[in-house]
Amino acid sequence: MITAISLVVVPLLAGFSFLFIDKYLAKFRKLFILGTGLITLLLSIDLLIQVSNHPLIYNLGNWKEGIGISLIIDPLGGILAVLIAFISFIIIAYSLSYIKNHQLKYYTLLFLLIAGMLGMVLTGDLFNLYVFFEITSIISYVLVAFNKEDISFEASFKYMIIGSISGILILLAIILIYQSTGTLNLAQLVIAARNIPIQLKKVIAVLILIGFGAKFAVVPLHTWLPDAHSTAPSPISALLSGVVIKVFLYALLRVLFILFRIEELLALDFNNLFVYSGVITLFTGHLLAYRQDKLKRLLAYSSIAQIGYILIGVGLFNAAGLEGAIYHVINHAVVKGVLFMTAGIFILKSKKKNIADLKGIAYQLPLSSFIFTISALNIVGLPPFNSFISKWLLLHAALKADFIIPASSILIGSLISLSYYLRIITLLYSKVKEELTSIKVPYQLQLAPLLLSLFYLPLALFPNFLLLLIKKAPLFLLKTINYYNILLGGEEWIGLFG
C-alpha cells in the first residue's frame, strides 16, 4: 500500500530537488530526470497490478478510516495513474532534447504537475482533491506561458482567469457538501450525500459541472484551450491535451457519481445533458479545427472534439458507454501525444507553424512525417487503428441505448476529421519546385514519438487485454456502494446488474 503515497511523493520531492541537483550534481541531471520518471511509471504499474485484484485504501499517518487523509484507489484510478505516469515519462524523454532554456524551472514545474495529476486520481477526500486541483491548475498556467512570448502570456492569462473562476465554483460546492454532510471523505459521502436536500444537490451539481467542465473544455467553456495548447511548448501541449484535461473530467465523474445515484441522474435528465453536450462539443471542435491555418491550433480544436466523443460514452450512464469512453481516453492520450510531439519537431526544425508552409516537408523530415501521418489516420478512427476500436465501442453503446443522433455524430465527426487531416497529409507529401535538403533531427527527439506510436499496435491487436481492466472501472462508478465498501474493507462487490 505504500506504493500509493510514494507515487505522489516521488515526483513531488523530485520537483523540489532540482535546485540541489542542478547546483551540485549537474552531470547527473539527465539521469536523475529520466530515473525519476521511470520510477514513477514503475510505481504506477505496481499499483495497477495491486488494485486489479482488490481496490486499496491508504491512510496517511495511520489515522482510522474516514478520520484522517486517505488515498482510495480503484481500477479506474489505477488505470489513469499508469496513463499519467507513462505519457509523462515519454514527454520527459522528449523534453530532454526539446527544452534548451530554463531547464531547472521547466523540470521543477513538470514534476510538480505530474504530482498534482496523480494526487487528483488517487485522493480519497474532497479537500485534497481541491488542493491537487489547484496545484495542477497553477502549474499548467505557468507552463503555458513558459516560452515568454506575448501570445503565450495572453493565453496563460485567459486560462488563469477561467481556471480561477472554475476553482471558486468547485470550492463553493465543496463548502456546501461539507456543511450538509459533515465529511469530505469521498467514500463516506456515498452514504452521507443521501441526506443532502435534492434542491441543494442540484445547486452543487451546477457548480461542479461548470467548474470542472471549464477545465476539460466542454463547449461553450472551451475558449481558453485552443490558445493555451497551441502556444505552450510542444511537450506541454502533448501533456495538457493527452492527460491534464482528462484528469479534470475524472474528478467530475468521481464526485458526481458519489453525490448522485444513477437513478437520480437519469431522473434529472443528466444523461441527455452529457450526451448532447458531447455532440455539440464534438461538432464544434471538428468544425473549428477544419478552419485552422496553424497546425498546433488545429490539434487543439481536435482535442476538444475528442472530449465530445468521451462525453457521449459517459452520458449513457451504463457499463458499455463508460468502457468505450475510458478506452478512448487512453487512445487519445497516446495518439494526441504523438501528434503534438511530431508537430513540435516540424516547428522546431523548419520554423514553420502554418499548415500551408509545411508543403513538401515529408522529404525533409521523412520519419516524423510518417509518424504524424499514421497518427492522424489513427485519431480519425480508421481501421485497423486502436482509435477505431474505442469509437466502435462508443458507437455500439450509443445505438444500444437508442441514442441514434449521438451515434450518427460519431461517424459524421470522424469524416470531418478525416477531411482536415487528409489536407495536412497531402501537403506534407506534395512536391515543391525548389530542391529541399534533408533536415537533421537528433535521434533522441524522434525516439519519444516513435516509441509512443509503437503502442498503437498492441492497443489495436489486443484490446481485450486492456478491456479486462477497463471493465472493472464501472463497478465502482455506477455502483458507488462498492466504493464505500473499500473504506470498510469489504470483500463482496455488488455487480452492475445486482
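Each value, and the rule that gives it
Residues numbered from 1 in each chain as written. Predicted model: local features only at pLDDT ≥ 70, side-chain atom pairs only at ≥ 80, totals over all residues. Heavy atoms only, no water. Helix = DSSP H or I, 4+ residues; strand = E, 2+ residues; numbered from the N terminus. Rg over C-alpha atoms; globule rule 2.2 N^0.38 Å. Contact = heavy atoms within 4.5 Å. Areas by Shrake-Rupley, 256 points an atom, 1.4 Å probe, with all protein chains shown as cover. Lys, Arg positive; Asp, Glu negative; His and termini not counted. Charge placed at Lys NZ, Arg CZ, Asp CG, Glu CD. Polar contact = N/O pair within 3.5 Å; in protein donor to acceptor, adjacent residues only side chain to side chain. Buried < 20%, exposed > 50% of the residue type's maximum accessible area, 1.4 Å probe, protein only. Arc of directions from axis to C-beta. Core = buried A, V, L, I, M, F, W, Y, C linked by side-chain atoms within 4.5 Å. Pairing = 2+ DSSP bridges. Axes fitted to C-alpha atoms, helices over the stretch in contact; angles between N-to-C directions. Parallel < 35°, antiparallel > 145°, perpendicular 65-115°, else oblique. Nonpolar A, V, L, I, M, F, W, Y, C, P; charged D, E, K, R; others polar. Salt bridge = Lys/Arg side-chain N within 4 Å of Asp/Glu carboxyl O. Expected span 1.5 Å × (residues − 1). Patch = residues over 30% accessible without salt bridge, like charges linked within 9 Å, V, L, I, M, F, W, Y side chains within 5 Å. Phe/Tyr/Trp six-rings, centres within 6.5 Å; stacked < 30°, edge-to-face > 60°. pLDDT = per-residue confidence, 0-100.

Caption draft 1: How the structure looks around the overall build of the protein. Counting secondary structure elements, the protein contains 22 helices and two strands. Relative to the globule expectation of 23 Å for 498 residues, the C-alpha radius of gyration of the protein, 22 Å, shows essentially globular dimensions. For the protein, the proportion of contacts with a sequence separation of at least 24, taken over those separated by at least 6, is 78%. Per element, the accessible surface of the protein, about 19500 Å² overall, is 68% carbon and sulfur. Across the protein, the mean location of the 35 positive side-chain charges is 8 Å away from that of the 21 negative side-chain charges.

Caption draft 2: Region of the structure containing the side chain of Ser-414. Following the sequence through the fold, Ser-414 ends up in helix H17 (residues 404-428). Polar contacts involving the side chain of Ser-414 include one to the side chain of Lys-391, which spans 3.1 Å. Once residues lying within four places of it in the same chain are set aside, the contact partners of Ser-414 are Tyr-309, Val-380 and Lys-391.

Caption draft 3: Region of the structure containing helix H20 (residues 463-470). Every buried residue of H20 is listed here: Pro-463, Leu-466, Leu-467, Leu-469 and Ile-470. Projected down its long axis, H20 carries its buried residues within an arc of 155°, all on one side. Along H20, exposed side chains directed more than 90 degrees from the buried face belong to Asn-464, Phe-465 and Leu-468.

Caption draft 4: Here's a closer look at the nonpolar core. Among the nonpolar cores identified, the biggest contains 191 residues, and Ile-87, Phe-216, Phe-274 and Tyr-421 are the most heavily contacted of them. Here this core takes 19 residues from helix H10 (residues 234-259), the largest share from any one element. Sequence-distant contacts of Ile-87, defined by excluding residues within four places in its chain, comprise Leu-239, Val-243, Ala-333, Val-334 and Leu-452.

Caption draft 5: Inspection of the pairing of strand E2 (residues 70-73) at higher detail. Judged by which residues are buried, E2 turns out to be covered on both faces: Ser-70 and Ile-72 on one side and Leu-71 and Ile-73 on the other are all buried. By the bridge criterion, four bridges tie strand E1 (residues 56-59) to E2 in an arrangement that is antiparallel. Pairing of Ile-57 across the sheet is with Ile-72, part of E2.

Caption draft 6: Geometry of the packing of helix H1 (residues 2-24) against helix H2 (residues 29-53). Relative to each other, H1 and H2 sit at 175°, their axes nearing to 9 Å. On the basis of their axis angle, the class for H1 and H2 is roughly antiparallel. Seen from H1, the contacting residues are Thr-3, Ala-4, Ser-6, Leu-7, Val-10, Pro-11, Ala-14, Ser-17, Phe-18, Ile-21 and Asp-22; seen from H2, they are Arg-29, Phe-32, Ile-33, Thr-36, Ile-39, Thr-40, Leu-43, Ser-44, Asp-46, Leu-47 and Gln-50. Class assignment of the residues belonging to the contact of H1 with H2 gives a composition of twelve nonpolar, seven polar and three charged.

Caption draft 7: Structural view of the pattern of salt bridges. Enumeration according to the criterion identifies five salt bridges in this entry. Glu-323 is the salt-bridge partner of Lys-471, the closest N and O atoms lying 3.3 Å from each other. Taken together, the positions of Lys-471 in the loop between H20 and helix H21 (474-477) and Glu-323 in helix H14 (residues 319-350) put the pair 148 residues apart, joining distant regions of the chain. A single network of salt bridges, built from pairs that share partners, joins Lys-158, Asp-227 and Arg-297.

Caption draft 8: Molecular detail of the environment of Leu-394. Mapping Leu-394 onto the fold places it in helix H16 (residues 386-400). Along the sequence, Leu-394 and Ile-204 sit 190 residues apart, while their C-alpha atoms lie 29 Å from each other.

Caption draft 9: Representation of unusual backbone geometry within the structure. Val-219 connects to Pro-220 through a cis peptide bond whose omega is 10°. Within the secondary structure, Pro-220 sits in the loop between helix H8 (198-215) and helix H9 (224-231). Following Pro-383, the chain continues to Pro-384 via a peptide bond in cis, the omega torsion being 10°. Looking at the element boundaries, Pro-384 is found in the loop between helix H15 (366-380) and H16. Of note, Lys-148 is a non-glycine position whose phi angle comes to about 60°, a positive value.

Caption draft 10: Local environment of the environment of His-328. When you line up the elements, His-328 lands in helix H14. In sequence terms His-328 and Leu-451 are 123 residues apart; their C-alpha atoms lie 20 Å from each other. Ignoring anything within four residues of it in the chain, the contact list for His-328 reads Gln-306, Tyr-309, Ile-310, Ser-390, Lys-391 and Leu-394. Here Ser-390 takes part through its side chain, which lies 2.8 Å from a polar atom of the side chain of His-328.

Caption draft 11: Focus on helix H5 (residues 126-144). Under the 1.5 Å per step criterion, the end-to-end length of H5 is 27 Å for 19 residues, consistent within 8% with the ideal 27 Å. One side-chain oxygen at the N-terminal end of H5 lies 3.1 Å from the backbone nitrogen of Phe-127; it belongs to Asp-125.

Caption draft 12: Main features of a nonpolar patch on the surface. A cluster of nonpolar side chains, contributed by Phe-20, Tyr-24, Leu-25, Phe-28 and Leu-31, occupies part of the molecular surface with about 540 Å² of accessible area. By the secondary structure assignment, Phe-20 is in helix H1. Classification of Phe-20 as partly exposed rests on a relative accessible area of 48%.

Caption draft 13: Seen up close, the packing of aromatic side chains. Taken as a whole and assessed by the stated rule, the structure comprises 19 aromatic pairs. Both rings, one in Tyr-420 and one in Tyr-421, keep their centres 4.9 Å apart while their planes meet at 45°; by these two values the pair is tilted. The class for Tyr-421 is buried, based on a relative accessible area of 1%. Put simply, the rings of Phe-18, Phe-32, Tyr-106, Tyr-107, Phe-111 and Phe-146 touch in pairs and so form one group of aromatic residues.

Caption draft 14: Expanded view of the confidence of the model for the protein. For the protein, per-residue confidence averages 90 on the pLDDT scale, and 95% of positions sit at 70 or higher. Mean pLDDT in the protein bottoms out at helix H22 (residues 480-488), which sits at 80, and peaks at helix H13 (residues 295-315), which reaches 96.

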